[in-house]
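# A closer look at the structure
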Amino acid sequence: MAGVFASTIRPAIMAASRRPGLRRAAEGLPVTRRVVHRFVPGETVDSALDSVAALRSSGRLVSVDYLGEDVTDPADADAAVRVYLDLIGHFARFDGGTPVRPLEVSLKLSALGQSMGRDGEKVARENAHAICEAAQRAGVWVTVDAEDHTTTDSTLAIVGDLRADFPWLGVALQAYLRRTLADCEEFAAAGARIRLCKGAYDEPAAVAHREPGAVTQAYLRCLRVLMAGSGYPMVASHDPAIVEAVPALARESGRSVADFEYQMLYGIRDLEQRRLAEAGNQVRVYVPFGTQWYGYFMRRLAERPANLTFFLRALAQRGH
Ligand code: FDA
């Protein structure tokens, strides 16, 4: 089943996620909104702040993402920056902390203008710089998300530039990409904060491992490099095979529980998040919010048969 899902169903869902007609249809269905709520707590800054408060009170760290990607209008990129500045302003009401900052924002450079033609990279760099400046003043971390492989060089170049001013800036690396082991070696040697995830896009075999077992093995190889390096690894996975491998890898490289963190997405394995936090680990929850939830939601459906089944069951029961 896992093989069929990865080879056939996943690419079909990812293709559907690029069709604007389907997007409009899905967004219009009340049932979609109800299911989306499981993964996206709300559309407003206030709803994100409510989730932050609840997660903080259960001892978890948070990273908040304002949903949006592939922005082509500079006004939309400016609007995204304003939302991040507003959000960071509100974070002052929560407790700060050093050296691990309990509050973080995650951002996609394509939401800040990266995909806007010739000047896109420059615009995204400047927008991300403004957000990092505000975050630095507020004692908040920033981590840059990883998007499809055609953006990786540009994203890592922008992050490299920004790290000169903000050495605490983190970036997500996708273990399914064949290049990522080398990227991990470079960033681990530079002492960077790296969020290691498997990768959520439908990438060609020329650039990415596509078989689930191969992706998990690649993830563990990358994680060993990050743990052995001088940076701060962020283990972004819900996979028990990965979560269970972490204590031994940390021990091997002399790291205590304060020297790395687990990360999971809002609404996924909540009990496991609580269990890890209660056992004394640092656990950060990625909380997406906003109206542009379609792409994020489709990637969650494409990730796991059970998520898709949950959605299809809700669709079948609508009207009951
Ligand atoms: P995967 O989905 O492969 O699941 C493996 C196993 O985990 C399952 O077989 C099951 O046993 C268990 N499991 C998973 N979900 C479960 C559930 N709900 N209940 C019980 N068991 C469950 N991607 C990207 O391309 N760019 C990015 O920037 C990011 N950012 C990011 C941040 C954070 C904090 C996280 C956690 C993830 C991302 N991702 C991402 C997404 C990531 O690339 C990946 O698609 C998902 O995390 C799914 O991969 P997993 O490693 O979680 O395991």
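Now for a look at the structure at hand.

Our next topic: the pattern of salt bridges. Scanning all chains against the criterion turns up 18 salt bridges. For the salt bridge of Asp270 with Arg60, the shortest nitrogen-to-oxygen distance reads 2.9 Å. With Asp270 in helix H12 (residues 270-278) and Arg60 in the loop between helix H4 (45-57) and strand E1 (61-66), this pair connects stretches of sequence that are 210 residues apart. Accessibility expressed as a relative area gives 31% for Asp270, which makes it partly exposed. Under the relative-accessibility criterion, Arg60 is labelled buried at 2%. A salt bridge links Asp239 to Lys198, with the shortest nitrogen-to-oxygen separation between them at 2.8 Å. Of the two residues, Asp239 sits in the loop between strand E6 (232-236) and helix H10 (240-243) while Lys198 sits in the loop between strand E5 (193-197) and helix H9 (212-228), which places them 41 residues apart along the sequence.

Quick look at the sheet that holds strand E8 (residues 283-289) now. Taken in spatial order, the eight strands line up as E1-E2-E3-E4-E5-E6-E7-E8 and close into a barrel, and their pairing is parallel. Looking at each pair of strands side by side, their axes are set apart by 25° on average, direction ignored. In terms of strand pairing, E6 meets strand E7 (residues 261-265) through three bridges, oriented parallel. Within E7, the residue paired with Met234 across the bridge is Glu261. Strand contacts of H12: E7 and E8, with the helix running at about 160° to E7, the strand carrying the most contacts.

The next thing to look at is the packing of aromatic side chains. What the rule picks out here adds up to eight aromatic pairs. A ring pair is formed by Tyr66 and Phe289, whose centres lie 5.3 Å apart and whose planes are at 45°; its orientation type is tilted. Highlighted residues: Tyr66 in strand E1 and Phe289 in strand E8, separated in sequence by 223 residues. Residue classification places Phe289 among the buried positions, given a relative accessible area of 1%. Ring centres of Trp293 and Phe297 lie 6.1 Å apart, and the angle between their planes is 90°; on these two criteria the pair is classed as edge-to-face. Through pairs of rings, three or more aromatic residues link up here, namely Phe39, Trp293 and Phe297. Sitting above the plane of the Trp168 ring, Arg101 keeps its charged end 4.9 Å from the centroid. In this structure, Arg193 is placed above the aromatic ring of Trp141, and the distance from its NZ or CZ to the ring centre is 4.0 Å.

What follows concerns unusual backbone geometry. The residue Asp70 is not glycine, and still its phi comes out positive at about 55°. Counting through the fold element by element, Asp70 comes out in the loop between E1 and helix H5 (74-90). Of note, Arg269 is a non-glycine position whose phi angle comes to about 55°, a positive value. Note on placement: Arg269 falls in the loop between E7 and H12. Classification of Arg269 as partly exposed rests on a relative accessible area of 34%.

Attention now goes to the site of the ligand. Looking at the ligand, there are 24 residues lining it, with Lys198, Gly199, Ser237, His238 and Glu303 nearest. One of the side-chain N or O atoms of Lys198 is found 2.7 Å from an oxygen atom in the ligand. At 2.7 Å, a side-chain N or O of Glu303 approaches an oxygen atom of the ligand. When the free accessible area of the ligand is taken as 950 Å², the share hidden by the protein chains comes to 81%. Secondary-structure elements contributing two or more residues to the shell around the ligand are strand E4 (170-174), E5, E7 and helix H13 (294-303). Ranked by residue count, the leading element in the shell around the ligand is E7, at three residues. Partitioned by chemical class, the residues of the shell around the ligand number 11 nonpolar, five polar and eight charged.

Calculation rules
- Residues numbered from 1 in each chain as written.
- Predicted model: local features only at pLDDT ≥ 70, side-chain atom pairs only at ≥ 80, totals over all residues.
- Heavy atoms only, no water.
- Salt bridge = Lys/Arg side-chain N within 4 Å of Asp/Glu carboxyl O.
- Helix = DSSP H or I, 4+ residues; strand = E, 2+ residues; numbered from the N terminus.
- Buried < 20%, exposed > 50% of the residue type's maximum accessible area, 1.4 Å probe, protein only.
- Pairing = 2+ DSSP bridges.
- Axes fitted to C-alpha atoms, helices over the stretch in contact; angles between N-to-C directions.
- Contact = heavy atoms within 4.5 Å.
- Phe/Tyr/Trp six-rings, centres within 6.5 Å; stacked < 30°, edge-to-face > 60°.
- Lys NZ or Arg CZ within 6 Å of the ring centre and 35° of its normal.
- Near = heavy atom within 4 Å.
- Polar contact = N/O pair within 3.5 Å; in protein donor to acceptor, adjacent residues only side chain to side chain.
- Areas by Shrake-Rupley, 256 points an atom, 1.4 Å probe, with all protein chains shown as cover.
- Nonpolar A, V, L, I, M, F, W, Y, C, P; charged D, E, K, R; others polar.

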